[in-house]
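Notes for the structure review
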Amino acid sequence: MDEMRPSSGAAAHLGLASIFPPGLQAIYGECRRLYPDQANPLQVTAIVKYWLGGPDPLDYISMYRNVGCPGQDVPEHWHYVSLGLSDLYGDNRVHDQVSAFDVSQEGPSETAPPTWPAELMQGLARYVFQSENTFCSGDHISWHSPLDNSESRIQHMLLTEDPQMQPVQTPFGHISFLQIVGVCTEELQAAQQWNGQGILDLLRGVHIAGGPWLITDMRRGETIFEIDPHLQQERVDKGIETDGSNLSGVSAKCAWDDLSRPPEDEDDSRSICIGSQPRRLSDKDTEQIREALRKGLEINSKSVLPPISSQRHSHDRPQSRKDSLESESSAAIVPHELVRTRQLESVHLKFNQESGTLLPLCLRGRLLHGRHFTYKSINGDTAITFVSTGVEGAFATEEHPYAAHGPWLQILLTEEFVEQMLADVQDLSPREVSKLPKEYSWPNKKLKISVLPDTVFDSPLQ
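Each chain has its residues counted from 1, running along the sequence as written. Only residues with pLDDT of at least 70 get local features here, since the model is predicted, and only at 80 or more are side-chain atom pairs given and counted; chain-wide, interface and lining totals rely on the full set of residues. Hydrogens and waters are ignored; side-chain quantities use all the structure's heavy atoms.

Some details on the overall build of the protein chain
Our working definition: Strands are runs of DSSP state E lasting at least 2 residues, helices are runs of H or I lasting at least 4, and numbering of each runs from the N terminus. Burial here depends on accessible area, computed with a 1.4 Å probe over protein chains only, as a share of the maximum for the residue type. Under 20% is buried, over 50% is exposed, and the range in between is partly exposed. Note on contacts: a residue pair qualifies if any of its non-hydrogen atoms lie within 4.5 Å across the two residues. Each accessible area is a Shrake-Rupley estimate made with a 1.4 Å probe; only the visible protein chains count as cover when residues are assessed.
In terms of regular secondary structure, the protein chain is built from eleven helices and 19 strands. Per-residue burial over the protein chain gives 55% buried out of 462 residues. Sequence separation of at least 24 residues holds for 64% of the intrachain contacts in the protein chain that already meet a minimum separation of 6. By element, 48% of the accessible surface of the protein chain is carried by carbon and sulfur atoms, the whole surface being about 20,400 Å².

Side note on the confidence of the model for the protein chain
Operational definition: The predictor rates its confidence in each residue with pLDDT, a number between 0 and 100.
Chain-level statistics for the protein chain give a pLDDT mean of 78 and a share of 72% at 70 or above. Overall, residues 1-20 carries pLDDT values under 50, and its contacts beyond four positions in sequence, including any with other chains, amount to 51 contacts. Low pLDDT (under 50) marks residues 93-98, which in the prediction has 17 contacts with non-local residues, meaning those over four places away or in another chain.

Side note on helix α10 (residues 415-424)
Here is the rule we go by: The directions considered for the arc run from the helix axis to the C-beta atoms.
Within the span of α10, buried status applies to Phe417, Val418, Met421 and Leu422. Viewed end-on, α10 has its buried residues packed into an arc of 140°, placing them on one side of the element. On the buried face of α10, the contacting elements are α9 (359-366), β16 (402-405), β17 (408-413), β18 (438-442) and β19 (447-452).

Notes on the sheet that holds β16
As a reminder of what qualifies: Strand pairing is assigned whenever DSSP detects at least two bridges linking the two strands. All axes here are fitted lines through C-alpha atoms, helices being fitted over the stretch that makes contact, and every angle between N-to-C directions spans 0 to 180 degrees.
Sheet architecture is open: six strands sit in the order β10-β14-β15-β17-β16-β12, paired in mixed fashion. Lying at the two open borders of the sheet, with one neighbouring strand each, are β10 (249-252) and β12 (341-344). Put simply, the sheet's adjacent strands are angled 20° from each other on average, direction ignored. Of the pairings in the sheet, the one linking β16 to β17 comprises four bridges and is antiparallel in character. Within β17, the position partnered with alanine 403 by the bridge is glutamine 410. The sheet contacts of α9 involve β14 (372-377), β15 (383-388) and β17, and relative to β14 the element is tilted by about 155°.

With respect to the sheet that holds strand β13 (residues 347-352)
Taken in spatial order, the four strands line up as β11-β13-β19-β18 in an open sheet, and their pairing is mixed. Of all the strands in the sheet, just β11 (254-258) and β18 have a single pairing partner and so form its edges. With strand direction ignored, the average angle separating the axes of adjacent strands in the sheet is 15°. Sheet topology note: the β11/β13 ladder contains five bridges and is antiparallel. Paired with cysteine 254 across the bridge in β13 is phenylalanine 351. Strands β18 and β19 of the sheet are contacted by α10, whose axis makes an angle of about 150° with β18.

Given below as structure tokens:
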């Protein structure tokens, strides 16, 4: 990377508390605890810091040689720890995200650590800083490219707590360490269909797929399902049936049309669709959708779609026992004053192939378990949320199952209709490449779904 260079000696100032910010001291202190004989690790350093206009959000990435654990059959490997995702300086010069990335890459025969993990970590950090989204343990990241730019099958990532590094407390907040775990496409898809933590547990049980410390080996040529074919049916499929899916939504290529309104109508909601300038979501709607995606990935809790609020909610806020769209302090959502909620008679949903293959997950893993699922467009403010009859407070109701709040569409589906849709879309499989476009229609419900090529959504007019 043009603005990064390997360096050594950057950690040599550990003892100079007078010039070392407390955030850096805390992270380096935890690294010293784990690696007491590596006080001066190799580092990748951003020449121009992000808060000074540089392109790389992470100030430093330290690279440690980890001897592994022979007793647990954990091999020697490189361990990369980032500094810069948290508030290192105490002045919020970048943002107040309080976590740090790390990744463990197998490579005992290499005399110097490869630099591709550092480039990968910088790419993820850019996403966090630019999108203002956050990562949590159990999250999955669709990367669609070998992580080291080789021909490897390891092309996606799961996130989990680092098994060795302990969270630290600083004067500016709590810092936790999220480990990046490289996975194959089939493993990512299983995490989407079920949950990330379940797949991480399976990876821990297969030595060559990560083992107890979840070491990423880019040379791995088989998925855990090829290594042990019983895992798919006995663990994943049963898990989906019993638990449903923890995935509450995805960023996607999607759009929707209001077919009940003539196109010449100036208030036509099709202004949010392909080829038109999208309306913007209100700040409150945006925050509710963002919280919905974030809450849905928490561990051992039923996902909720939080109330519309101008304030962000803590990850530690107690979860309701029921999915709810309602505020704790009010009986119903109060729409943004400039955006009225409209009931629609007929709608047409449009997805690209990757998004379309998640429809069975949305229906089987979420709605049949009384939950909700959101597609948030990556090309604009369009959002599509499917809700079941068990979700309270939604502006879509059984009487008016299609409702729009600006460019945010909600669709309420009864259990009977969900079962019917599942039977009709069963050919949408992530394991097979379908010929596009594909059309699904339920005239009696006035609903149409199209799965279209990516090029349709990549139009500059989107």
